[in-house]
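Residues per chain, in single letters:
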Amino acid sequence: MSSVLYDAQGPRAKRRNVLYTVVFALAAAAVLWWVFSALADKDQLAWEKWKPFLGGTEAYTTYIWPGLENTLKAAALSMIIALPLGAVLGIARLSDHVWVRVPASMVVEFFRAIPVLVLMIFGMAWYSEYTNVSSDARPLYAVVTGLVLYNASVLAEIVRAGILSLPRGQSEAAMAIGLRKNQTMRLILLPQAVTAMLPAIVSQLVVIVKDTALGGAVLTFPELLASANTMSGYYGANTIASFTVVAVIFVAINFSLTSFAGWLERRLRQGKKSTGAVLGADAVAELAAPGEHEEVTKIG
């Protein structure tokens, strides 16, 4: 069966694809065999190396959970601050006022160009020199500061691109019924742009979770990845086992985040397909009236 974008494969193409699949599967199996053989030769698959994680809870309660708690704390604080700050900066970059647009653009471009690790190091130095934050809390403050400054700038660009991706007819229609620009942005553009921006926003949130490990590598922040080094030394250099467990935990966290975002995106798209009552002239006039802040359900 053929279509405009796809031609059905013939017998030779099907045989060739089957051959490629078999060759790739054999190559992947050979690589896996080589990896497991190398690990076995170094005694990394011995039960003693994996026993702390499969035969008890000490490793989880002593090392993994405290590190995971710090990772989630830093990531949650960064998300809570960076999301609204990024939205404000992104909308500010679309402002008609130069005195709003230019400073917002400078802030976004400046912090987006600096590596997040450099921002964390500067944050650590700033909290040490100019604040009374205790030495125990400084790593957390520095990690959150670096993540917020960098990711808010990236999220600002995501918000700006999501709004600009909407058809101009949306803004023109809102102006035609008398809505002010802030009402157009709040009631018309942002609700529609959220669905388009959601995959990119979630990708950035995943980056925030992973970048907390930079604080552990440089600023001695006791996050999840840093706990792997401590566990490896305490349990007899079981480096592979420790980092494998930590990697699985990171995969589970990020997979849960992306799964929730996919569910939320589907709900938002289904909500936009629902129908409702048609707005009358009085409702439109009431919406366009100065000082009116009531939200109106989008129709159609």
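You'll find the structure just up there.
Presented here is an overview of the structure given in this document. (Residues numbered from 1 in each chain as written. Predicted model: local features only at pLDDT ≥ 70, side-chain atom pairs only at ≥ 80, totals over all residues. Heavy atoms only, no water.)

Comments concerning the pattern of salt bridges
Part 1 of the argument: With the rule as written, the count across this model stands at four salt bridges.
Part 2 of the argument: Salt-bridge contacts for Glu157 lead to Arg93; the nearest nitrogen and oxygen are separated by 2.4 Å. With Glu157 in helix α6 (residues 138–164) and Arg93 in the loop between α3 (58–92) and α4 (98–113), this pair connects stretches of sequence that are 64 residues apart.
Part 3 of the argument: Using a relative accessible area of 15% as the deciding quantity, one classes Glu157 as buried.
Part 4 of the argument: For Arg160, the salt bridge is made with Glu157, and the minimal N-O distance between the two is 3.1 Å. Separated by three residues within a single helix, Arg160 and Glu157 lie in helix α6, roughly one turn from each other.
Part 5 of the argument: Overlapping salt bridges bring together Arg93, Glu109, Arg112, Glu157 and Arg160 as one network. (Salt bridge = Lys/Arg side-chain N within 4 Å of Asp/Glu carboxyl O. Helix = DSSP H or I, 4+ residues; strand = E, 2+ residues; numbered from the N terminus. Buried < 20%, exposed > 50% of the residue type's maximum accessible area, 1.4 Å probe, protein only.)

Observations regarding the packing of aromatic side chains
Part 1 of the argument: Considering all chains together, one arrives at six aromatic pairs under this definition.
Part 2 of the argument: Each ring, one from Trp126 and one from Tyr130, has its centre 6.4 Å from the other, and the planes form 40 degrees; the classification is tilted. Within this pair, Trp126 and its partner Tyr130 are both found in helix α5 (residues 116–130), separated by four residues, close to a single helical turn.
Part 3 of the argument: Residue classification places Tyr130 among the exposed positions, given a relative accessible area of 64%.
Part 4 of the argument: Their ring planes at 80 degrees and their centres at 5.5 Å tell us that Tyr127 and Tyr141 sit as a pair that is edge-to-face. Remark: Tyr141 occurs in helix α6 and Tyr127 occurs in helix α5; sequence separation between them is 14 residues.
Part 5 of the argument: For Tyr127, a relative accessible area of 14% gives the class buried. (Phe/Tyr/Trp six-rings, centres within 6.5 Å; stacked < 30°, edge-to-face > 60°.)

Some points on the side chain of Thr212
Part 1 of the argument: Residue placement: Thr212 occurs in helix α8 (residues 181–218).
Part 2 of the argument: Here Thr212 falls in the buried class, since its relative accessible area comes to 0%.
Part 3 of the argument: Discounting residues that sit within four places of it in the chain, Thr212 has contacts with Thr71, Ala74, Ala75, Val143, Leu147, Phe221 and Glu223. (Contact = heavy atoms within 4.5 Å.)

A look at the packing of α3 against α6
Each packed pair of helices is defined by two parameters, the angle between the axes and the distance between the axes.
Part 1 of the argument: Following both chains from N to C, one finds α3 and α6 inclined at 40 degrees, their axes separated by 6 Å at the closest point. Between α3 and α6 lies a crossing of right-handed hand.
Part 2 of the argument: For the contact of α3 with α6, the residue count by class is 19 nonpolar, four polar and two charged. (Axes fitted to C-alpha atoms, helices over the stretch in contact; angles between N-to-C directions. Left-handed = near helix turned anticlockwise from the far one by under 90°. Nonpolar A, V, L, I, M, F, W, Y, C, P; charged D, E, K, R; others polar.)

Here's the deal with unusual backbone geometry
Part 1 of the argument: A positive phi angle is found at Thr220, which is not glycine, with a value near 55 degrees.
Part 2 of the argument: Assignment of secondary structure puts Thr220 in the loop between α8 and α9 (224–234).

Looking at α9
Part 1 of the argument: Within the span of α9, buried status applies to Leu224, Ser227, Ala228, Met231 and Ser232. The arc enclosing the buried residues of α9, seen along the axis, measures out at 140 degrees, which places them on a common side. In this structure, α9 carries Asn229 and Gly233 as exposed residues pointing more than 90 degrees from its buried face.
Part 2 of the argument: Sitting at the amino-terminal end of α9 is Glu223, which places a side-chain oxygen 2.7 Å from the backbone nitrogen of Leu225.
Part 3 of the argument: Just past α9, the residue Gly236 takes up positive phi, approximately 80 degrees. (Arc of directions from axis to C-beta. Polar contact = N/O pair within 3.5 Å; in protein donor to acceptor, adjacent residues only side chain to side chain.)

A word on the layout of surface pockets
A water-sized probe, rolled over the atoms, reveals where empty space remains.
Part 1 of the argument: Taken as a whole, the largest pocket encloses approximately 430 Å³ of empty space.
Part 2 of the argument: Every residue lining the largest pocket is counted, 15 residues in all, and those nearest its centre are Ile163, Arg168, Ser171, Lys181 and Leu189.
Part 3 of the argument: Elements supplying a minimum of two residues to the lining of the largest pocket: α6, α7 (168–176) and α8.
Part 4 of the argument: The residue inventory of the lining of the largest pocket, partitioned by class, reads nine nonpolar, two polar and four charged. (1 Å grid on protein atoms, 1.4 Å probe; cavity = no way out; pocket = protein on both sides within 12 Å on 5 of 7 lines; lining within 4 Å. Points joined across faces, edges and corners; volume = space filled by probe spheres on them.)

So yeah, pure geometry; function would need other evidence.
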